[in-house]
Number of protein chains: 2
Amino acid sequence: MSQEISDRGCDFKSTNERATLRYVITKGAETRAAILDEAVLVVSRVGFSDLTIGQLAEQTQMSKSGLFAHFKSKEQLQLDTLEHARRRFVDLVVRPALSAERGEPRVRTLFEGWLEWASNSLDGGCIFVAASAELDDRPGELRDALVRSETDWLELLATVARAAVAEGHFSSDLDAEQFAFQVHGVMLAYHHARRLLRDEAAGMRARTAFDAVLVAARGT
Amino acid sequence: MSQEISDRGCDFKSTNERATLRYVITKGAETRAAILDEAVLVVSRVGFSDLTIGQLAEQTQMSKSGLFAHFKSKEQLQLDTLEHARRRFVDLVVRPALSAERGEPRVRTLFEGWLEWASNSLDGGCIFVAASAELDDRPGELRDALVRSETDWLELLATVARAAVAEGHFSSDLDAEQFAFQVHGVMLAYHHARRLLRDEAAGMRARTAFDAVLVAARGT
């Protein structure tokens, strides 16, 4: 009986401990996500090289030692920030497009989602565009991670284009990688016109350019 | 007579002084140009925020005080570096295109010149592409100067397209600004594919995309 009580007591304690642990983990994950949200914003504005634990501590009003507990080093913070941005991008741009109808509608949804992402999701524009220019000459893990992420993105564009061929929306002789390259060019020109030149016509220009790529993709 | 000699003496001295002054100015200008060549290389690799007088002193093996005599401040060095890059761009890309035949040949020469510039002129790729991503969120004189330079470039692309309309090479209802936007997109996609992704097919992709823009510009 004392054993039983003790066991039950033990169970009770361990359930309690598990709940506490779960709370700590959830709380920790939430804090971590909140820090990384802030880090993504910082990078979108000033680039990866100016993202430091010290600066992020100021921004989040956390202690440097608290941040070190989460990220260990500047390099790890940079990698985690890129990964966090990639996940946000999947949530905000990729997932909604995968709910759209296969074929050209999905291609369009992806494009419109990207415009929205580049215009309104982050103060400093698309973190991947900024990072591409910043990191192209900086070999290392961060560059490798960015190359993987950018390659995935171009492959996704090519894949949705191939599905549009299969649906009969695009011409059967479409070069899907070439299509992805051209759509990506339109996105980069949009980012430049809107972010640097503050060109009010950037959205209209981008949609017109995208439509021209679609017309060619449909063939005659 | 003594007046005459004195005058001649004076003339002789002043000619000598002028020659010395010219030598000093030429020498000074040459040194300045050599420093700015180096500065443009540094910026193409690491961006404007990492271009400092201290770092440039190391790179050029000059003294910091010697460099300060040329540029006064980091801000002035940045502005002069951008202006120097702009002049090199005019020499290497714009001027040769203006010798090409008016119309579509000139548009093509400009495009090929740009590919060459972005691929081989600087270790770190096109300084304007890198600066556009770096400076879009950094208000100030340097950003303003870049916006002027980028606007000039897009206007030049539109102007050569308009000349191609006048020559009957492009359709009379061509929107020249839209054409410039799309060609610029192809250039940015090329830079990304070549510099970040090290994609061997980048040049082929860019030329195919450019040809598609030309086909549309010619109309039917």
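Residues numbered from 1 in each chain as written. Chains lettered and ligands numbered in written order. Predicted model: local features only at pLDDT ≥ 70, side-chain atom pairs only at ≥ 80, totals over all residues.

Some remarks on the overall build of chain A
This is how it is decided: Here a strand is any run of E in DSSP of at least two residues, a helix any run of H or I of at least four, and the numbering for each starts at the N terminus. Atoms counted for the radius of gyration: C-alpha only. Globule rule: 2.2 Å times the number of residues to the power 0.38. With C-beta atoms placed from the backbone, a residue counts as buried when 20 or more other C-beta atoms lie within 10 Å of its own, as exposed when 12 or fewer do, and as partly exposed for counts between those limits. In this description, a residue-residue contact is defined by the distance between C-beta atoms placed from the backbone, which must lie within 7 Å.
Looking only at helices and strands, one finds nine helices and zero strands in chain A. Reading the helices (α) and strands (β) of chain A from amino to carboxyl end gives α-α-α-α-α-α-α-α-α. In terms of C-alpha radius of gyration, chain A reaches 23 Å, well past the compact-globule figure of 17 Å for 220 residues. The principal-axis extents of the C-alpha atoms in chain A amount to approximately 85 × 45 × 30 Å. Within the span of chain A, comprising 220 residues, buried residues form 35% of the whole. In chain A, of all internal contacts separated by at least 6 residues, the share reaching a separation of at least 24 is 60%.

Quick look at the interface of chain A and chain B
Size of an interface: often given as the accessible area lost when the parts come together. Here is the rule: Basically, the charged four are Asp, Glu, Lys and Arg, the nonpolar ten are Ala, Val, Leu, Ile, Met, Phe, Trp, Tyr, Cys and Pro, and anything else, Gly included, counts as polar.
Tallying the contact residues gives 32 residues for chain A and 32 residues for chain B. Put simply, the parts of the chain that give the side of chain A that touches chain B at least two residues each are helix H6 (127-135), helix H7 (141-166), helix H8 (176-196) and helix H9 (202-218) of chain A. Examining the composition of the side of chain A that touches chain B, we find that twelve residues originate from one element, H8 of chain A, more than from any other. Per-class residue counts for the side of chain A that touches chain B are 14 nonpolar, eleven polar and seven charged.

Let's talk about unusual backbone geometry
Residue and element names in this part refer to chain A. Within the chain, Gln-61 stands out as a residue other than glycine whose phi angle is a positive 55°. Locating Gln-61 in the fold gives a position in the loop between helix H2 (53-60) and helix H3 (64-71). Residues other than glycine seldom take positive phi values, yet Lys-72 does so here, at roughly 65°. Tracing the backbone through its elements, the reader meets Lys-72 in the loop between H3 and helix H4 (74-99).

Overview of the packing of H7 of chain A against H8 of chain A
All names here are of chain A. Which entries qualify depends on this criterion: For helices, the fitted line uses only the C-alpha atoms of the stretch in contact; every axis is such a line through C-alpha atoms, and the angle between N-to-C directions lies from 0 to 180 degrees. Should an angle fall under 35 degrees it is taken as roughly parallel, and over 145 as roughly antiparallel, whereas 65 to 115 is taken as roughly perpendicular and any remaining angle as oblique. A clockwise turn of the near helix away from the far one marks a right-handed crossing, whereas an anticlockwise turn of less than a right angle marks a left-handed crossing.
Taken N-terminus to C-terminus, the directions of H7 and H8 make an angle of 120°; their axes are 8 Å apart at the nearest point. For the element pair H7 / H8, the angle class is oblique. Seen along the crossing, H7 lies across H8 with a hand that is right-handed. On H8, the residues that touch Leu-154, Leu-157, Ala-158, Ala-161 and Arg-162 of H7 are Ala-176, Glu-177, Phe-179, Ala-180, Val-183 and His-184.

Let's talk about the packing of H8 of chain A against helix H9 (residues 202-218) of chain B
Between H8 of chain A and H9 of chain B, the shortest axis-to-axis distance is 10 Å and the interhelical angle comes to 70°. Overall, the two elements H8 of chain A and H9 of chain B adopt an arrangement that is roughly perpendicular. The segment H8 of chain A lies against H9 of chain B, with Gln-178, Phe-181, Gln-182 and Gly-185 of chain A engaging Arg-205, Thr-208 and Ala-209 of chain B. Split by residue class, the contact of H8 of chain A with H9 of chain B holds two nonpolar, four polar and one charged.

Description of the relation of the copies chain A and chain B
Counted only if it meets this: The copies were overlaid with a least-squares fit restricted to C-alpha atoms from residues scoring a pLDDT of at least 70 in each copy.
Screw-axis analysis of chain A against chain B gives a translation of 0.0 Å along the axis, an RMSD of 0.1 Å, and a rotation angle of 180°. On the angle and the small slide along the axis, the relation comes out as a two-fold axis. The rotation axis passes nearest to the C-alpha of Gly-185 of chain A in chain A, at a distance of 2.1 Å. Take the interface residues of chain A: 100% of them recur as interface residues in chain B, which is what a same-surface contact looks like.

Thoughts on the environment of Thr-159 of chain A
All names here are of chain A. Take Thr-159: it is sitting in helix H7. Thr-159 gets classed as partly exposed once you count the C-beta atoms within 10 Å, which come to 13. Counting along the chain gives 113 residues from Thr-159 to Val-46, while the straight-line C-alpha distance between them is 32 Å.

Some thoughts on the confidence of the model for chain A
Do not read the fine detail of predicted coordinates wherever pLDDT is low. All names here are of chain A. Quick note on the threshold: Confidence scores per residue from the predictor, reported as pLDDT, run from 0 to 100.
On average, chain A scores 89 in pLDDT, and the residues at 70 or more come to 93%. Within chain A, H7 carries the highest mean pLDDT (98), whereas helix H1 (residues 2-46) carries the lowest (72). Confidence drops under pLDDT 50 across residues 1-10; counting only partners more than four residues distant or on other chains, this segment forms zero contacts. Here the predicted complex carries an ipTM of 0.87, next to a pTM of 0.88.

With respect to helix H8 (residues 176-196) of chain B
Residues and elements named next belong to chain B. The condition is simple: The span expected for a helix works out to 1.5 Å for each residue beyond the first.
Taking 1.5 Å per residue, 21 residues should reach 30 Å; H8 reaches 30 Å between its end C-alpha atoms and fits that length. Taken across its 21 residues, H8 has 19 buried, putting it largely inside the fold. Positive backbone phi, approximately 50°, marks Arg-198, located one or two places after H8.

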